[in-house]
Amino acid sequence: MYDVSERSLNRRQFLKSSLALAAGVAALGPARVLGEDRDQCTRWAFLSDTHVAPDPDNHYRGFYPYRNLLEIAGRIAYDPPDGVVVTGDLARMRGQTGAYENLKTLLAPVTEQRPVYLGLGNHDNRDDFSLVFETALGDDMTVEEKRVITAVAGPMRLIVLDSLLVDRAAGLLGRSQRTWLKSFLEACDDRPTILFFHHRPRIDLLDTRRLFDIIEPAAKVKAVVYGHSHKFRFSEYKGIHLINVPATGYNMSDSQPVGWVEARLTEKSGQFTLHALGGNRELDGCSENLCWRS
Ligand SMILES: [Fe+2]
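Residues numbered from 1 in each chain as written. Predicted model: local features only at pLDDT ≥ 70, side-chain atom pairs only at ≥ 80, totals over all residues. Heavy atoms only, no water.

Visitor: Please clarify how the overall build of the protein chain should be interpreted in this entry.
Guide: Across its full length, the protein chain holds nine helices and 13 strands. Long-range contacts, defined here as pairs at least 24 residues apart, represent 69% of the contacts in the protein chain between residues at least 6 apart. Summing over all exposed atoms, the protein chain offers an accessible surface of approximately 11900 Å²; the carbon and sulfur share of this is 47%. (Helix = DSSP H or I, 4+ residues; strand = E, 2+ residues; numbered from the N terminus. Contact = heavy atoms within 4.5 Å. Areas by Shrake-Rupley, 256 points an atom, 1.4 Å probe, with all protein chains shown as cover.)

Visitor: What should I look at first to understand the coordination of the iron ion in this one?
Guide: Geometry reference: four tetrahedral donors at a metal, ideal angle 109.5 degrees. Six octahedral donors, ideal angles 90 or 180 degrees. For the iron ion, every protein donor is listed as Asp 49 (OD), His 51 (NE2), Asp 89 (OD) and His 230 (NE2), and the spread of their distances is 2.1 to 2.3 Å. Geometry at the iron ion is irregular, judged from its four donor atoms and the angles of 89 to 176° they form at the metal. Sequence positions of the residues that donate to the iron ion give the spacing D-x1-H-x37-D-x140-H. Here Asp 89, found in the loop between β3 (83–87) and α5 (97–111), pairs with His 230, found in the loop between β8 (221–226) and β9 (233–237); they are 141 residues apart in sequence, far enough to count as distant. The residues Asp 89 and His 230 share a single accessibility class, namely buried. (Donors = N, O, S within 2.8 Å, 3.2 Å for Na, K, Ca; no water. Tetrahedral: all angles 85-135°; square planar, octahedral: opposite > 155°, others 65-115°. Buried < 20%, exposed > 50% of the residue type's maximum accessible area, 1.4 Å probe, protein only.)

Visitor: I keep staring at the environment of Leu 185 and nothing clicks. Help me out?
Guide: Inspection of the secondary structure puts Leu 185 in helix α8 (residues 175–187). Taking C-alpha positions, Leu 185 is 7.3 Å from Ala 218, a pair spaced 33 residues apart along the chain. With residues up to four places along the chain from it excluded, the contact list for Leu 185 reads Ile 159, Thr 193, Ile 214, Ile 215, Ala 218, Lys 220 and Val 221.

Visitor: Quick question: what am I supposed to make of the packing of helix α4 (residues 65–78) against α5 here?
Guide: To describe two helices that pack against each other, one gives the angle between their axes and the distance between the axes. Here α4 crosses α5 at 20°, and the two axes come no closer than 7 Å. As the angle between them shows, α4 and α5 are arranged roughly parallel. Classified by chirality, the crossing of α5 by α4 is right-handed. When α4 is examined against α5, the residues Tyr 66, Leu 69, Leu 70, Ala 73, Ile 76 and Ala 77 are found in contact with a partner set consisting of Asn 102, Leu 103, Leu 106, Leu 107, Pro 109 and Val 110. (Axes fitted to C-alpha atoms, helices over the stretch in contact; angles between N-to-C directions. Parallel < 35°, antiparallel > 145°, perpendicular 65-115°, else oblique. Left-handed = near helix turned anticlockwise from the far one by under 90°.)

Visitor: Looking at this structure, how should I read α4?
Guide: An α-helix turns once per 3.6 residues; consequently, residues spaced three or four apart project the same way. A rise of 1.5 Å per residue sets the reference length of α4, with its 14 residues, at 20 Å; its end C-alpha atoms lie 20 Å apart and thus fit the reference within 8%. Those residues of α4 lying buried are Pro 65, Tyr 66, Asn 68, Leu 69, Ile 72, Ala 73, Ile 76 and Ala 77. Looking straight down α4, one finds that the buried residues subtend no more than 155° of arc, so they occupy a single side. In α4, those exposed residues whose orientation departs by more than 90 degrees from the buried face are Leu 70 and Tyr 78. (Expected span 1.5 Å × (residues − 1). Arc of directions from axis to C-beta.)

Visitor: Hey, could you run me through the sheet that holds β3 in this one?
Guide: Within a sheet, neighbouring strands are paired by backbone hydrogen bonds and run either parallel or antiparallel to one another. The strand order across the open sheet built from six strands is β4-β3-β2-β11-β12-β13, with neighbouring strands paired in mixed fashion. Edge positions in the sheet fall to β4 (116–119) and β13 (287–291), since each of these pairs with one other strand and no more. Averaged over neighbouring strand pairs, the angle between their axes works out to 20° when direction is ignored. Both strand β2 (residues 42–47) and β3 contribute to a ladder of four bridges, which runs parallel. Paired with Leu 47 across the bridge in β3 is Val 86. The sheet contacts of α4 involve β2, β3, β11 (257–265) and β12 (269–279), and relative to β11 the element is tilted by about 25°. (Pairing = 2+ DSSP bridges.)

Visitor: How do you make sense of the pairing of β2 when you look at a structure like this?
Guide: One face of the sheet, then the other: side chains in a regular strand alternate in exactly this way. In terms of burial, β2 is a largely internal element, six of the six residues being buried. Across the two faces of β2 the burial is the same, with Thr 42, Trp 44 and Phe 46 and Arg 43, Ala 45 and Leu 47 all buried. In terms of strand pairing, β2 meets β11 through five bridges, oriented antiparallel. Paired with Ala 45 across the strands is Glu 262, a residue of β11. Regarding the hand of the β-α-β motif, the stretch spanning β2, α4 and β3 is right-handed. (Right-handed = clockwise from strand over helix to strand, strands pointing away.)

Visitor: Whenever I open this one, the pattern of salt bridges confuses me. Can you help?
Guide: When the charged atoms of two side chains lie near each other, side chains of opposite charge can form a pair. By the definition in use, this model includes 16 salt bridges. For Arg 38, the salt bridge is made with Asp 190, and the minimal N-O distance between the two is 3.2 Å. Placement of Arg 38 in the loop between β1 (31–35) and β2 and of Asp 190 in the loop between α8 and β7 (193–196) is noted, with a sequence separation of 152 residues between them. In this structure, Arg 75 and Glu 71 form a salt bridge, with 2.4 Å as the shortest nitrogen-oxygen distance. On the criterion of helical spacing, the pair formed by Arg 75 and Glu 71 is a turn pair, its members being four residues apart in helix α4. On the basis of relative accessibility, which here comes to 37%, the residue Glu 71 falls in the partly exposed class. Among the charged side chains, a salt-bridge network with shared partners connects Arg 43, Asp 79, Glu 262 and Arg 264. (Salt bridge = Lys/Arg side-chain N within 4 Å of Asp/Glu carboxyl O.)

Visitor: What's the story with the nonpolar core in this structure? I'm lost.
Guide: The nonpolar side chains of a soluble globular protein tend to be buried with one another. With 31 residues, the main nonpolar core has Leu 47, Ile 76, Val 84, Leu 90, Tyr 100, Leu 103 and Leu 118 as its most contacted residues. Of all the elements in the fold, those that place two or more residues in this core are β2, α4, β3, α5, β4, α6 (126–132) and β11. Excluding residues that lie within four positions of it along the chain, Leu 103 makes contacts with Thr 50, Val 52, Leu 69, Leu 90, Leu 118 and Phe 133. Residues Trp 44, Tyr 117, Ala 151 and Phe 196 belong to the second largest nonpolar core, which totals 26 residues. (Core = buried A, V, L, I, M, F, W, Y, C linked by side-chain atoms within 4.5 Å.)

The structure is reproduced here in structure tokens:
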């Protein structure tokens with residue numbers, strides 16, 4: 001994940017946000033504190049599968065991922081939420097430094113104002129990613145060979161996990177990351193928590209059962225957000241909301257949108273609004289309201 005909150009946060013603009021009323025500035029270190037007022041609503045943009053290539057003209061199924069992200073980042077930057085999470089498959093094929101350089105440039109209008117947390121997917125390459133986003137390395141290495149970010153944003157806690165399994169399309173959190181997660185959840189307060197990673201629970205995430213053995217009893221975990229399928233979908237498993245974020249790069253089926261999800265999160269619930277700029281735009285602007293389990 002890449003977190004630019006420490007370096008690039010525009011303090012004046014940040015202070016204008018609802019979060020900043022209570023927060024001040026983001027804290028250094030793995031546990032970012034963007035605001036602690038639990039009565040607040042925090043607004044985030046959830047993106048996935050940006051699939052940016054070294055060549056800006058790279059296209060697939062009639063979609064141009066570079067141009068899509070250029071437009072989306074511009075829209076987000078115009079009315080910036082409190083932060084952005086991208087759940088992996090940042091790069092187009094096998095993750096090259098040119099792809100990550102382009103990604104960094106495309107996200108700059110947002111990262112200059114707000115924290116952006118980047119997860120890794122099966123099309124990403126840790127070494128190439130790290131070469132471009134090296135400034136984030138030091139305090140992200142909470143778990144050996146995995147990249148984890150935690151943040152507190154108003155009433156919510158966000159945990160970005162790493163499901164990239166090298167040279168495999170499927171994903172795995174792995175024992176060390178699961179062990180860390182279990183300990184972390186036991187130690188942190190009862191703030192409603194959302195987990196983020198790339199792969200789909202029960203389908204592509206190979207250690208789904210072991211993950212849910214940890215998070216099902218942890219009532220503070222309310223939802224899991226992921227990508228990979230290039231589909232927009234809500235479901236529920238063991239009382240935990242599963243939110244599949246569409247791709248910004250391209251869809252795999254004409255029935256699916258290309259775009260991102262805007263989330264308004266409170267201590268009790270979340271409202272998730274689709275912003276579709278391509279593909280099936282039928283649900284553009286439509287919202288799904290989810291209540292957190294108790
Ligand atoms: Fe993808």
